[in-house]
Amino acid sequence: MSQADPELLLRELDGWDWELCRRELPAVLPRLLISFQQGSGWLWERHTSGESEDWTEHIRILRILTEMFLPHISLEDVEQSFFSKVLPKTLQFFDKLMCELSSKAKGLSSQSTELCSTVRNLLQTVVQLLATLTGCVRRLCSGQELSLPSIHSLPSSVLCVVKTAFTHCKDSESVYYGHLHLISDLLQSMFKETYSLQKQLMELVDLISIDSASTEDDITYMVSVIHTVLEICSVISNMDHALHANTWKFIIKQSLKHHSLLQCHLKHSDILSGLCKDILLSFDSCLQLAEQMKVSEIQEGTDFRLFQKTVKLCRFFANSLVHYTKEFRACLSDSCSQLHQLFLQIYSKFPPSLYAPEILEIHQDEISQVFLVALDPLITQLLPFSPFMERVLSENLGLPPEQQLPQCLLLLTIMDKLSSQPEEVQTLWNTGKSLSLLSALFLSFQQCCGELSLPVCLPQVLSAGQPAVPITLYHYVCVHLCSFIASTLPSHFPQLERALLEAVLGSSMITSLLAMDSWCFLARYGTAELCAHHVNVIAHLVKAWPSDCSQVPALGVLLRRMLFLMAPEHQVEFAGEFPPEELENLAVWQHVSLRALSPDLRARVASQLCSAGLGRCRQWLNGGRALGGLPPVNTALSALLAACSSADAPLEAELKTSVLGVLSQFWSFLQAKQVSDEPCLQKTLCLLLHLLEVFIQALDAQLMTQVFALQSSLLQLHPPDHVRLAMLDFLSSMGKVFIPQEAQRQVVPQLSCLFASLLADQTWLIHQHALEAFTHFAEETRHEDVVPWCLNSEEAKNKVVNFLAKTRQVEETREARTERLKQERITWSAQVLKVDGELESTGEPVAKRACHPPSEEQYKAAVGTMEGAVEAVKLLLQKGPPPGWLAVKLEALHAAMATLRDSLR
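Residues numbered from 1 in each chain as written. Predicted model: local features only at pLDDT ≥ 70, side-chain atom pairs only at ≥ 80, totals over all residues. Heavy atoms only, no water.

1. Describing the overall build of the protein chain
- Within the protein chain, the secondary structure is distributed over 41 helices and two strands.
- Within the protein chain, counting contacts between residues at least 6 apart in sequence, those at least 24 apart form 76% of the total.
- If you sum the accessible surface of the protein chain, you get close to 43900 Å²; carbon and sulfur atoms cover 54% of it. (Helix = DSSP H or I, 4+ residues; strand = E, 2+ residues; numbered from the N terminus. Contact = heavy atoms within 4.5 Å. Areas by Shrake-Rupley, 256 points an atom, 1.4 Å probe, with all protein chains shown as cover.)

Below, the structure written as structure tokens:
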């Protein structure tokens, strides 16, 4: 054989059989390898001069080496004597071949037949090279274990070829500039051969064994193989489902197989990131296919089969993520944010999210039962992991609107799973780092304003053995929250009570209501002693805080509800702890419904409250009637209202007369302008109106005339909403009474004008309440002739008719309402951020406001108060003889007035 003539060398080898190759291997292989290595440069030189057939010659040499001589080389020698010499040149040849292919492809067109033929020949050569490498790898897969040093060059070299080939296939649209039809058959062959080569290599790598005796270089090499396959995953993600799944299966299998050796070397964040990315891509594909099928109304065929395959691919990725997380959880601290985002992004795109695409229920069930069920165990695995807890319960997540509901549902899922976890895991979540689990849930819940307003519904099993039924988001959260409270360990009650109290006192009304409902469940589920303890704590808070504190009403509602849940003996103890006859306890009893008490206790408490309340009112009325002393009076009026409205039977005649007498004194000095200017008087007016509702049948003509005169004057001054609402409640109750003949001339016109004005109110809440109040009045009143006078326009008549017929003024579609709620949420979120920013913008105390001189309006209001008091005294003198001290008091007031007059001179 001639070493100087490669062509002669190849011709001589054509006739050799298997046995001759084995026998002559020691003599021929070195000379053939030298010829191969030298021939690489020689062939490239000839190719660059235009002799493209030399690509085929190079493949021929490689095939002779791999098919005729490789099978006869022992595994101990194959790396040193064959792969280390053949593979570097093969890679060099492949890179040049792909470079040439890309270069020629740029000018490809159907008119250029010669160039088209060249490109096809190049692609055919690539296919042959891939097939040759596949055969080379296959010959080593004998089933016995392989050591990494024995094939060191092979995996990395083959992976480079695979990655380059797949990338070329993926980029074929841009590489061939719309001329794919000219070479599509060969591109398909190239993809298939690359697929086969990768599959064969994976089988080979699976035979490699590394153990504790392996060198650091071997471990590093195996890690690099896994990372390179991971890079290939990102290339093939949208090319073929089976290929994509098998590639990930290889990564997970090899990572778990060599867990102890590779744990500290693998790029866990990259692997996890790749899995999460592919899960989301596959999930998006599922949703797109489901959406297309809903639009096309075709539920069978290619799209449906592809949908099912894609859902199963999602399940495979979910299972892979679960297995990987289980083995490498300790190494995933940096990936908790990604895992958290994975849950949020998936559930933000799936019903009942407002941002989910419209898909059919059958497709929802398929995704839920096949994919989401497979993802669920991941949460269980992450529960003991402190970094994941810190991420999920972070106080400053800054989630976009579409991820608020998913966050809430994730927290509920964690709550459902927590009861089956060891105590240390429950402690981890119930104590938290910045927030406890329960506090985080309340915070997340109040962000779901759009979903609560729509409302969205979720399936829930309400009775054992019964199918799930759709319930509102509020109901769903409440059910799961109560279940969590029932399973809370006694040692975690301090965190539970703190979270409930903070939520009750929070700024969100719906969240406060949820906390109250949950607290009432705790009172019923827990012991009677626990309920009594909580009631006492809440009552002491109500008593200690100023009456004008914005959080007291919420505590009052909770106290009112929980008193119904107390044991009778504990209610007696409560009355002893907060004696109703003591003025300081009126702040507590004003929030209580006496119907919660036993009949005997109810009667005693009502009597004591009336006595204490009337005493406080008389003390103020008989004193200077200073506005600064009005808040305790309002508390007394509120306690009177609680006592009178909760009574089982009508009050005793004497007590009833006393109450009405005190109320009449208030009405005698109230003036519209003063009420309009003073918030404390507005509250007084509202309480007086509610008390008059209780005694509506006992109003005399004079008091009724005073009440309507004040309301008519006040309404012209545009009072706040709560005052107008109190007016409407009183007007509604007027249907129960016959207006005395002597008062009809003044009261009836004012009654009709009040209703007409309030029915025309532009505030939706007032308008709706006005419709309800007017309807109630019209149904009960004996003054039928007044009803049409209240409807002074066709518009008002039509609105009442539509209200009675339950006709909606504007029919809003669910889609339009959803979009409106999304926009409202954006506005609401921006406002919350603005307020939070203002509160946190500076740690310095707010500057004191400058003192301004009193305005003329303030002087007028003060003088008006004095005039009203004088008129009230005149009215009282007309009704009967004055007390003995009145003359002395009037002399003192006269002297004070003279002093004021002299100071103006």
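2. Considerations on the state of the cysteines
- Overall, the coordinates contain zero disulfides when judged by the stated rule.
- You can see cysteine 448 has no disulfide; the closest cysteine sulfur is in cysteine 408, sitting 4.6 Å from it.
- Residue classification places cysteine 448 among the buried positions, given a relative accessible area of 0%.
- For the unlinked cysteine cysteine 520, the closest cysteine sulfur is that of cysteine 531, found at 8.4 Å. (Disulfide = S-S within 2.5 Å. Buried < 20%, exposed > 50% of the residue type's maximum accessible area, 1.4 Å probe, protein only.)

3. Concerning the environment of valine 461
- Residue placement: valine 461 occurs in the loop between strand 1 (457-460) and strand 2 (469-472).
- Overall, the relative accessible area of 43% leaves valine 461 in the partly exposed class.
- Sequence separation between valine 461 and isoleucine 471 is ten residues; the distance between their C-alpha atoms is 9.6 Å.

4. Regarding the confidence of the model for the protein chain
- Residues of the protein chain with pLDDT of at least 70 account for 90%, and the chain-wide mean is 87.
- By mean pLDDT, the top-scoring element of the protein chain is helix 17 (residues 404-418) (97), and the lowest-scoring one is helix 40 (residues 856-879) (62).
- Counting contacts from residues 40-53, a segment whose pLDDT is below 50, to residues more than four positions away or on other chains yields 17 contacts.
- Here residues 835-852 is a poorly scored stretch, pLDDT under 50, and it has zero contacts once near neighbours within four places are set aside; other chains count. (pLDDT = per-residue confidence, 0-100.)

5. Overview of the environment of isoleucine 739
- With respect to the helices and strands, the residue isoleucine 739 is situated in the loop between helix 34 (721-733) and helix 35 (741-759).
- With 44 residues separating them in the primary sequence, isoleucine 739 and histidine 783 have C-alpha atoms 8.3 Å apart.

6. Details of the packing of helix 21 (residues 473-487) against helix 23 (residues 509-525)
- Contact pair helix 21 / helix 23: the axes reach a minimum separation of 10 Å and the direction vectors enclose 40 degrees. Here helix 21 is positioned oblique relative to helix 23, judged by the angle of their axes. Viewed along their axes, helix 21 and helix 23 form a crossing whose handedness is right-handed. Along the contact surface, helix 21 presents Tyr474, Val477, Cys478, Leu481, Cys482, Ile485 and Ala486, while helix 23 presents Ile510, Leu513, Leu514, Asp517, Ser518, Phe521, Leu522 and Tyr525.
- Here the residues of the contact of helix 21 with helix 23 are counted per class, giving 13 nonpolar, one polar and one charged. (Axes fitted to C-alpha atoms, helices over the stretch in contact; angles between N-to-C directions. Parallel < 35°, antiparallel > 145°, perpendicular 65-115°, else oblique. Left-handed = near helix turned anticlockwise from the far one by under 90°. Nonpolar A, V, L, I, M, F, W, Y, C, P; charged D, E, K, R; others polar.)

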